[in-house]
Amino acid sequence: MPEIPDLENIKAFLNGVLPGVKVTGVETRIPLVIRRPIPQEFASILEGNAFQEVTRRGKFLVFHTTSGHVMAINAMLTGHLQYTGPETRRHAKTCFVLSLENGMELRYYDGRLMGKVYLVPRGQEALIPRFEEMGPDALDPQVTLELFRKRIRRYTGQIKGILVKDTFIAGIGNAYSDEILFEAGIYPFRRRPTLTEDEIEALYNSIHLVLKEATETIGRRMNGRIDLKIRDFLKIHRKGQQSCPRCGNRIGEVKANQRLTNFCRNCQR
Ligand SMILES: [Zn+2]
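Small disclaimer: the values here were computed from a predicted structure and weren't measured.

(A) Just the sheet that holds strand E7 (residues 94-100), in detail. Overall, antiparallel pairing links the 4 strands, which are arranged E1-E7-E8-E6 in an open sheet. Lying at the two open borders of the sheet, with one neighbouring strand each, are strand E1 (23-28) and strand E6 (79-84). In this sheet, adjacent strand axes meet at a mean angle of 15° when their direction is disregarded. One ladder, built from 6 bridges, connects E6 with strand E8 (residues 105-110); its direction is antiparallel. Across the sheet, Thr84 pairs through a bridge with Glu105, a residue of E8. Docked against the sheet, helix H2 (residues 39-46) engages E1 and E7, running at close to 165° with respect to E1.

So, in structure tokens, the structure goes:
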């Protein structure tokens, strides 16, 4: 699932190529992911429309257009955006293709068709399920340590489950929650009330450090391939059975709540 570091880079790339560019054609191949409006309307609103800025809200990328509509995409687990020329072979699960007046295509493909795409008039984002229920973005400068402490007090469950909850703070998913908890030295299954004030502060600092470093790493490597998910540099997520980069112990792995969680039992207390 794309998370803040991926989405920040996709957003930056698209803001370099899309604003001012008109959509000349819309081909809907697998309409299932288009949740609103109906596919014919989706196509007729976008055709002849031009892109403006691309923004991000939690795990949604939001494409602003000159007609005043916004296209919001939550790629969920397996969705990918692709910006390429028409000659590039299409992924089998390409759901829609927007032909652009600059000769390029913006495509969306999704191996498991779990992503969600919405096109709504600006100001009516409440039509997008879970969009307005989202808490502040994890990197929102208004989320100070003080506000972070205040918000996290409302939750009593396991700390990893809280980090991935969009209603708490938005934009962190399964992969980066593992990385953040490893950085902070906190065992993912601890319940929030057992965390000390110092641990909450370490968690807050780790969110910023991990997301910022990962955003930079992906930025150095992406080269316009916004469809790639660059994750090989992560320290612990999906590294079960390998050695902990800090202490050398075997990295643990637990599958629970339909999520894979990796941690080091020695480094994370
Ligand atoms: Zn370790």
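(B) Structural context of the domain arrangement of the protein. Taken domain by domain, the protein consists of domain 1 (4-127) and domain 2 (145-263). For domain 1 versus domain 2, the separation of C-alpha centres amounts to 28 Å. Across the boundary between the two partners, domain 1 contributes 14 residues, which contact 16 residues of domain 2. Sorting the residues of the side of domain 1 that touches domain 2 by element identifies helix H1 (4-17) and E6 as the ones contributing at least two each. Among the elements that line the side of domain 1 that touches domain 2, the one with the most residues is H1, at 7 residues. Considering only residue class, the side of domain 1 that touches domain 2 consists of 6 nonpolar, 4 polar and 4 charged.

(C) Just H2, in detail. Buried within H2 we find Phe42, Ala43, Ile45 and Leu46. Axial view of H2: buried residues confined to an arc of 165°, hence all on one face. Opposite the packed face of H2, turned more than 90 degrees from it, sit the exposed residues Gln40 and Glu41. On its buried face, H2 sits against E1, strand E2 (34-36), strand E5 (69-74), E7 and strand E9 (116-121).

(D) Spotlight on the nonpolar core. Among the nonpolar cores identified, the biggest contains 64 residues, and Ile73 and Tyr176 are the most heavily contacted of them. Per-domain counts for this core show at least three residues from each of domain 1 (4-127) and domain 2 (145-263).

(E) A look at the pairing of E8. When you tally the buried positions in E8, you get 6 out of 6 residues, the bulk of the element. Pairing geometry for E7 and E8, over 5 bridges, is antiparallel. Bridge pairing in E8 links Phe96 to Tyr108.

(F) Expanded view of H1. Between the first and last C-alpha of H1 there are 20 Å, a value that for 14 residues agrees with the 20 Å anticipated at 1.5 Å per step. Listed in full, the buried residues belonging to H1 are Ile4, Pro5, Asp6, Leu7, Glu8, Asn9 and Ile10. Summarising the contacts, the buried residues of H1 are in contact with strand E3 (51-57), strand E4 (60-65), E6, helix H5 (174-184) and helix H6 (197-221).

(G) Summary view of the packing of H1 against H6. Two elements in contact, H1 and H6, have axes separated by 8 Å at closest approach and are oriented at 45°. Here H1 is positioned oblique relative to H6, judged by the angle of their axes. Crossing angle aside, the handedness with which H1 passes H6 is right-handed. Only Leu211, Ala214, Thr215, Ile218 and Gly219 of H6 make contact with H1, whose side of the interface consists of Ile4, Pro5, Asp6, Glu8 and Asn9. The residue inventory of the contact of H1 with H6, partitioned by class, reads 5 nonpolar, 3 polar and 2 charged.

(H) Region of the structure containing unusual backbone geometry. Of note, the amide linkage connecting Arg36 to Pro37 takes the cis form, showing an omega dihedral of -10°. Its identity as a non-glycine residue notwithstanding, Arg130 has a phi of 70°, on the positive side. Summarising the element assignment, Arg130 is placed in the loop between E9 and helix H3 (145-152). Using a count of 14 C-beta atoms within 10 Å as the deciding quantity, one classes Arg130 as partly exposed. With a phi close to 65°, Arg238 is a non-glycine residue in the positive phi region. Looking at the secondary structure, you find Arg238 in the loop between H6 and strand E10 (252-256).

What counts as what
- Residues numbered from 1 in each chain as written.
- Predicted model: local features only at pLDDT ≥ 70, side-chain atom pairs only at ≥ 80, totals over all residues.
- Pairing = 2+ DSSP bridges.
- Helix = DSSP H or I, 4+ residues; strand = E, 2+ residues; numbered from the N terminus.
- Axes fitted to C-alpha atoms, helices over the stretch in contact; angles between N-to-C directions.
- Contact = placed C-beta atoms within 7 Å.
- Domains from an automatic or database assignment.
- Nonpolar A, V, L, I, M, F, W, Y, C, P; charged D, E, K, R; others polar.
- Buried ≥ 20, exposed ≤ 12 C-beta atoms within 10 Å, placed from the backbone.
- Arc of directions from axis to C-beta.
- Core = buried A, V, L, I, M, F, W, Y, C linked by C-beta atoms within 7 Å.
- Expected span 1.5 Å × (residues − 1).
- Parallel < 35°, antiparallel > 145°, perpendicular 65-115°, else oblique.
- Left-handed = near helix turned anticlockwise from the far one by under 90°.

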